[in-house]
Amino acid sequence: PPKAPPPPQAAMATTMRPAQRRRCMPLKSSSEEGLAVAWEDASDGTAAVAVPSSPSSPSTAALPTTGDAAPVAPAFAPAVRDRPAAVSVSFAGSPSAGRRWAELPQDLGVLVCQCLGPSQALKLLTASRKMQALAVSEEVWRFFCRWRWGSSANLGVYGSGKDLWCDRNGWFPLRSGKRETPAFDVQHIRLRDSPCLTMDLRFTDDEIIAVSEAERSHSGGGQARVHIVDPETRRLRECFEVSSATINCCDVGPGLICLGSNDSKVRLYRRSANVDDGDSVVSFGGPGVGTSSGSSRGGLRGAGIPPGAEEEGGGYRYQLMSEYLCASEVNDLRFAREDAVIAVRTHGNRHPAGLDVIPLARPDVRFSFPGGSRPTRGKFIHALDGFEDGCSLSMVACSGEHPSTSAFSAMLLDFRRSAPCVADLPVTSLRQGHPVGSMLWPLRAGTSPKVYANVLHADGRRNCRGTIAMVDFRYPSPNVCVTFELPDQVDDFRCFGGSIYAACTQGFGSEQRLAVHRCSHAAGGGAGPAECISTVLESYSPKCRLPAEDLKVFSVCSRGFVVSYGEHIALGTVAAPSWRMP
C-alpha cells in the first residue's frame, strides 16, 4: 500500500546518504549561546539533531539540508549552560522517532557535560544511569579542574578529579560535609653550608627562587647568590652569583627575574636556552653588562650544593639581560605588567629615601619620587606590593610613614598621574589605640582593592602574638579596618585565594617552633579565626643570630608553600588527605 504522506515538520528534512558509521558534527547556532548537535545514523541513513528543550522552543527539531551541505541549526536553539533541560532526539522519517538523550555518543555526552559546567552537570545525576556515569566521569571533572586552576591544578596528587574539585585544589578538604585541615608533604632543603640568610622568596608553578645575602667569610669577598629549585624533584636547578652586595628583594615576570641589592642596582635576568660552558654568555659578577666566556654556574661549588646538582638545569638557565643604577640602595621592588620596575630606595641605615619607576623600554626616562615629597603626600614609602591579579602601574599598594608622628598609612598609588597618591588611610595612630613606634611590615596586597599589613610593635613581640590589619580602599575611612589575630608572632605572610597564610614563630632562643597559619574572612566579611595548617619545625635554633636578625621569608602558590629559616628552606606541597587515598 502507498505510504502515508509525512508530517509537515518531517517533510522539511532531507534524507542524507547512508554512512558506514555514525558521524557527529557540532552546529553553530544563530544564537551566540546556542548549541545543537547533528549526526548521520548508519541504520537508516537519516539526519538528526539534538537540541536542549525549553519552553520557548520545541523539544524536537529536524534541520533542513541542501544536498551534501551541513545542516544549519535553527535560531531557537537555547543556551545549554543556562538551562540543564533534558535533550530529546528526533530522526526525520525514522520509525524510532522520540529517542531520548541516551542515544547520544559517549564522547558527545562528555562534551555536553563540560559545556554545562560543574553545578549543572551534577543535576544530571538523577536523570538516568548513563547520565549519572557521564556526570561523574573522570574526564569531565579533570576538565573542570584544569579550567578552574589551569596548570596549577594538583591532579598529580589526587586520584579523582571530582575529589580535587570538592577540596578546592586540596586547600580546603571536605569530609562528610565539614571542612578539614589540608595535608602537606614537607621537605627540608639545605641551600648553603655557610651561615647565610635568605632575603626573599618566590614560589611559582614551575620553580622556587631564593635570593640570599652576601656570604660572611673571614677573608671577605663573599658573594650573594640566587638559587633556583625544582618543586617537583626538590633538587637545585641552578645557582649563580650576582655581586658582593646583599640581594634584598626579588620579583618575577614572564621568563625573567628582577633583583634589587645594596649596591644600588636593579638587575634583570632572562631565562634562555641552556648553552655550553665554552660559549659566550653574560657575565654575572662584573659591575656592568658585558660578555665573557664564564658560566653562570661558576659559583656552584662551595655553596652547599651536592655534586651533580648542576645537571638539573631543565634545559635553560638565567642570564643577565640588563642592570640599572639607582641613587641609593634598593630595598623592595615589583615588576609591573606594563614592562616597568617599581623600586623602593633606602639609605644605608634602612631609612626610606624614595621611589623609582623604571620603564624597561626607555630606562633613561625613569620617574623618581623623593621620600616626603608632595607626590607621596609627604610620606616616606617603606614597602609596596601588587594585587593578586597582577601588579600594574595604575594600582600599587604601599605603606607610608608620616615624618613627624611616625604613624603608618596604607596608600594606593597610580603612577599614570603626576600626583600618584590617590588614597591615604592611617592604620597605626595613637587615636586608633596603637602604641608609639608601631609600623606596617610586611605589607601584602590581596584581591583588589584589599590590602593587608602586619602591625609590628614591641608589645606584640613580647607577648608572642601577631596582628594583621586589613584595609579596603573602597571605604576611605580609617575606622573601617578588620584585624586578624594570630596566636604567634608573624614572621612573614602572603595573600592567596582570598585567605592569609602566615609563617609564625612560637617561643624564643633555641626552642622555637615554626608553623604556617591560615586566616579567612568570616561569613559577614569580618575576621575569621586563625588555624594552624602545618607545623614546619618542632624545634629550631637561630644559632649565632639574634632573634631580631633571624629573618624568615614565606611564599605560597597553588602547589603549596615554602618558608626559609637560616640556610634551609622548607617546601610543603599539597597532598591528598588520608581519607582520599585509595
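Before reading on, note that the structure itself is shown above.
Just so we're clear, the structure is a prediction, and the values are computed from it rather than from any experiment.

(A) Inspection of the sheet that holds strand S20 (residues 352-359) at higher detail. With respect to topology, four strands assemble into an open sheet ordered S18-S19-S20-S21, the strand pairing being antiparallel. A strand with exactly one partner marks an edge of an open sheet, and here the two such strands are strand S18 (329-336) and strand S21 (367-370). Neighbour to neighbour, the strand axes of the sheet diverge by 15° on average, direction disregarded.

(B) Representation of the pairing of strand S24 (residues 408-413) in the model. Of all six residues in S24, six are buried, a share of seventy percent or more. Of the two faces of S24, the one holding Phe 408, Ala 410 and Leu 412 and the one holding Ser 409, Met 411 and Leu 413 are both buried throughout. Where strand S23 (residues 396-401) lies against S24, six bridges are found, and the strand directions are antiparallel. Among the inter-strand pairings, Cys 398 is bridged to a residue of S24, identified as Met 411. The turn linking S23 back onto S24 is made up of six residues, and Ser 406 within it adopts a positive phi angle of 60°.

(C) Representation of the sheet that holds strand S34 (residues 554-557) in the model. Taking strand neighbours across the sheet as the criterion, the four strands line up as S7-S36-S35-S34 in an open arrangement whose pairing is antiparallel. In the strand order of this sheet, the two ends are held by strand S7 (183-190) and S34, each with one partner. With direction set aside, neighbouring strand axes in the sheet form an average angle of 15°.

(D) Region of the structure containing helix H2 (residues 106-116). Those residues of H2 not exposed but buried are Leu 108, Gly 109, Val 110, Val 112, Cys 113, Gln 114 and Leu 116. Just downstream of H2 lies Gly 117, where phi reads positive at about 100°.

(E) Main features of the layout of surface pockets. Space inside the second largest pocket adds up to approximately 820 Å³. Around the second largest pocket sit 29 residues that line it, and Arg 202, Asp 251, Val 252, Phe 387 and Glu 388 are the ones nearest its centre. Elements with a minimum of two residues in the lining of the second largest pocket: strand S8 (198-203), strand S12 (247-253), S18, strand S26 (439-445), strand S30 (489-496) and S34. Classifying every residue of the lining of the second largest pocket by side-chain character gives 12 nonpolar, seven polar and 10 charged.

(F) View of the side chain of His 517. Relative to the helices and strands, His 517 resides in strand S32 (residues 512-521). Every residue in contact with His 517, bar those within four places of it in the chain, is listed here: Leu 486, Pro 487, Asp 488, Ile 500, Tyr 501, Ala 502, Cys 504, Glu 531 and Cys 532.

(G) Examining the packing of H2 against helix H5 (residues 138-149) more closely. At their nearest, the axes of H2 and H5 sit 10 Å apart, and the two run at 35° to each other. As H2 runs across H5, the sense of the crossing is right-handed. Residues Val 110, Cys 113 and Gln 114 of H2 form the contact with H5, whose participating residues are Glu 139, Val 140, Phe 143 and Phe 144. In terms of residue class, the contact of H2 with H5 is made up of five nonpolar, one polar and one charged.

Reading the values: the criteria
- Residues numbered from 1 in each chain as written.
- Predicted model: local features only at pLDDT ≥ 70, side-chain atom pairs only at ≥ 80, totals over all residues.
- Heavy atoms only, no water.
- Pairing = 2+ DSSP bridges.
- Helix = DSSP H or I, 4+ residues; strand = E, 2+ residues; numbered from the N terminus.
- Axes fitted to C-alpha atoms, helices over the stretch in contact; angles between N-to-C directions.
- Buried < 20%, exposed > 50% of the residue type's maximum accessible area, 1.4 Å probe, protein only.
- 1 Å grid on protein atoms, 1.4 Å probe; cavity = no way out; pocket = protein on both sides within 12 Å on 5 of 7 lines; lining within 4 Å.
- Points joined across faces, edges and corners; volume = space filled by probe spheres on them.
- Nonpolar A, V, L, I, M, F, W, Y, C, P; charged D, E, K, R; others polar.
- Contact = heavy atoms within 4.5 Å.
- Left-handed = near helix turned anticlockwise from the far one by under 90°.

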